[in-house]
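This is what each chain is made of:
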Amino acid sequence: MVQFNNVPLVQQGGYISVNTAFQNDISPLKIDLIYGTFRSEDGSPYLLPVVKKAEQMIVNDISSHNYLSPTGIEGFTKSASKLLLGDVEKQWKDGTIFGVQCVGGTGAIKIGAEFLSRHMNCTTVYYPDPTWEMHGTVFSFSGFSNKFKYRYLNKETKLIDFEGLCEDMSNAPIDSVVILHACGHNPTGLDLTKEQWRTVSEIMKERKLIPFFDIAYQGMASGDIEEDAWAIRHFYNEGFEFLCAQSFSKMFTMYNERVGNLMVVLKSGCNIDSLKIHFEKIIRSLYSSPSNHGARTVFKILSDPELYDEWLSSFTAMIFQAMDLRKAFRKAIEEIGTPGKWNHITDQKGMFILLHLTSIYVDYI
């Protein structure tokens, strides 16, 4: 008896199916534009030299491969949280801020979604339209029965539909979770202004909504890591309790090491021990404990002033090179007389260029 034959048939979709097609294509002229990774001139994966240096230090320092605690390396999670909020020593000691090491930014979103569903009885999530394709999937798999998209991109103007965004958030039920891209919005490359962020925070405070920030591209939107954390710092200064999923894949060119952090911000640290146990149980049920190598490498760089300065310098240079490529791409399109306006290419920020091509144009290309 073969019971697996009863499993519903499904077809692969999204960027994974595109990547499969790319791998199967035998053309020598193909170019990989699927994954958000930095590449060398020859198309090979690029690794920041300072990361390679820190990795070698870590390998030499490792005396055993013992299990980490479920919540990971505390030095790493504290350093990661400092990158977002600055000096958090007092808050860390008081228990109003803590971090959970996760398997990449995706893992941080998953752990946060599980916690909100299981221990805060949240059932409703709002995320931007469009957004990273896994947001809805992760929250569905974590028990959220109500998923809604709030308006974000106006396809006609190629700008943020801020009026629609505010209207949708104003109609969200109390205790709804709202996914917020802190910077370098995926996939539009369009970010809210500081004044718009202030308005959003006022709406969310009035409606008693729960912010869940997703930041995978800190420093990649403006070229300044502190500027790109402005929205998160504003919500913190406004007294919100919130979650923030951090990814270090892009910032450190360490894609397969899956280095992530879930920062938890509280008004009071009185129940921090109990909260940590909840997170530990969720992690134990999924993967038991996180990996060591990638997180310890990032921690090494963030905690060593000399390595940090080297990382920040090379990272910033890499980002400004990407900005120059964006400008060159727009210039090349306009110089050959491509119909239409292409200012949206340089109006966007971060790792993505949303071209707004229709399916007819895509098929033709």
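Naming follows an unreviewed UniProt entry, where the chain appears as aspartate transaminase of Aphis glycines. UniProt's Sequence similarities (unreviewed entry) comment on the chain is quoted here verbatim: "Belongs to the class-I pyridoxal-phosphate-dependent aminotransferase family." What the UniProt record of the chain gives under Cofactor (unreviewed entry) is the line "pyridoxal 5'-phosphate".

How would you explain empty space enclosed by the protein if you had to name every residue and give the values?
What the rule picks out here adds up to 1 cavity of 30 Å³ or more. Counted as a void, the largest cavity has a volume near 50 Å³. If you go around the largest cavity, the residues you meet are Pro128, Tyr150, Tyr152, Leu165, Met169, Leu180, His181, His185, Leu192, Trp197 and Val200. For the lining of the largest cavity, the residue count by class is 9 nonpolar, 2 polar and no charged.

Tell me about the packing of helix H5 (residues 104-119) against helix H10 (residues 272-286), and please be specific about residues and values.
H10 packs onto H5 with a crossing angle of 115° between their chain directions and a minimal axis gap of 10 Å. As H5 runs across H10, the sense of the crossing is right-handed. Together, Lys110, Ile111, Glu114, Phe115, Arg118 and His119 of H5 and Leu275, His278, Phe279, Ile282, Ile283 and Leu286 of H10 make up the contact between the two elements. Here the contact of H5 with H10 is built from residues that sort into 7 nonpolar, 2 polar and 3 charged.

Provide a residue-level description of the pattern of salt bridges, including the pertinent values.
Within the structure shown, the criterion is met by 14 salt bridges. Of the charged contacts, one joins Lys78 and Glu89 as a salt bridge, the two residues approaching to 3.5 Å between their closest N and O atoms. Of this pair, Lys78 sits in helix H3 (residues 74-85) while Glu89 is found in helix H4 (residues 89-94), placing the two residues 11 residues apart along the sequence. For Glu89, a relative accessible area of 36% puts it in the partly exposed group. We note a salt bridge from Arg151 to Glu167, for which the minimum N-O separation is 3.3 Å. Taken together, the residues Arg151 in strand E3 (residues 146-151) and Glu167 in helix H7 (residues 162-170) connect sequence positions 16 residues apart. Each of Lys78, Lys82 and Glu89 takes part in salt bridges that share partners, so that together they form one network.

Please provide a residue-by-residue account of the sheet that holds strand E2 (residues 124-129), values included.
The strand order across the open sheet built from 7 strands is E1-E9-E8-E7-E6-E2-E3, with neighbouring strands paired in mixed fashion. The outermost strands of the open sheet, each flanked by one partner alone, are strand E1 (97-103) and E3. Pairwise comparison of adjacent strand axes, ignoring direction, gives a mean angle of 25° for this sheet. Each of E1, strand E6 (177-181), strand E7 (210-215), strand E8 (242-247) and strand E9 (259-265) is contacted by H5, which is oriented at about 160° to E8, the strand it contacts most. Across the sheet, helix H9 (residues 230-237) touches E1, E6, E7, E8 and E9, and the angle it forms with E7 is around 155°.

Criteria and thresholds
Residues numbered from 1 in each chain as written. Predicted model: local features only at pLDDT ≥ 70, side-chain atom pairs only at ≥ 80, totals over all residues. Heavy atoms only, no water. UniProt positions renumbered as here; feature names shortened; annotations may be inferred. 1 Å grid on protein atoms, 1.4 Å probe; cavity = no way out; pocket = protein on both sides within 12 Å on 5 of 7 lines; lining within 4 Å. Points joined across faces, edges and corners; volume = space filled by probe spheres on them. Nonpolar A, V, L, I, M, F, W, Y, C, P; charged D, E, K, R; others polar. Axes fitted to C-alpha atoms, helices over the stretch in contact; angles between N-to-C directions. Helix = DSSP H or I, 4+ residues; strand = E, 2+ residues; numbered from the N terminus. Left-handed = near helix turned anticlockwise from the far one by under 90°. Contact = heavy atoms within 4.5 Å. Salt bridge = Lys/Arg side-chain N within 4 Å of Asp/Glu carboxyl O. Buried < 20%, exposed > 50% of the residue type's maximum accessible area, 1.4 Å probe, protein only. Pairing = 2+ DSSP bridges.

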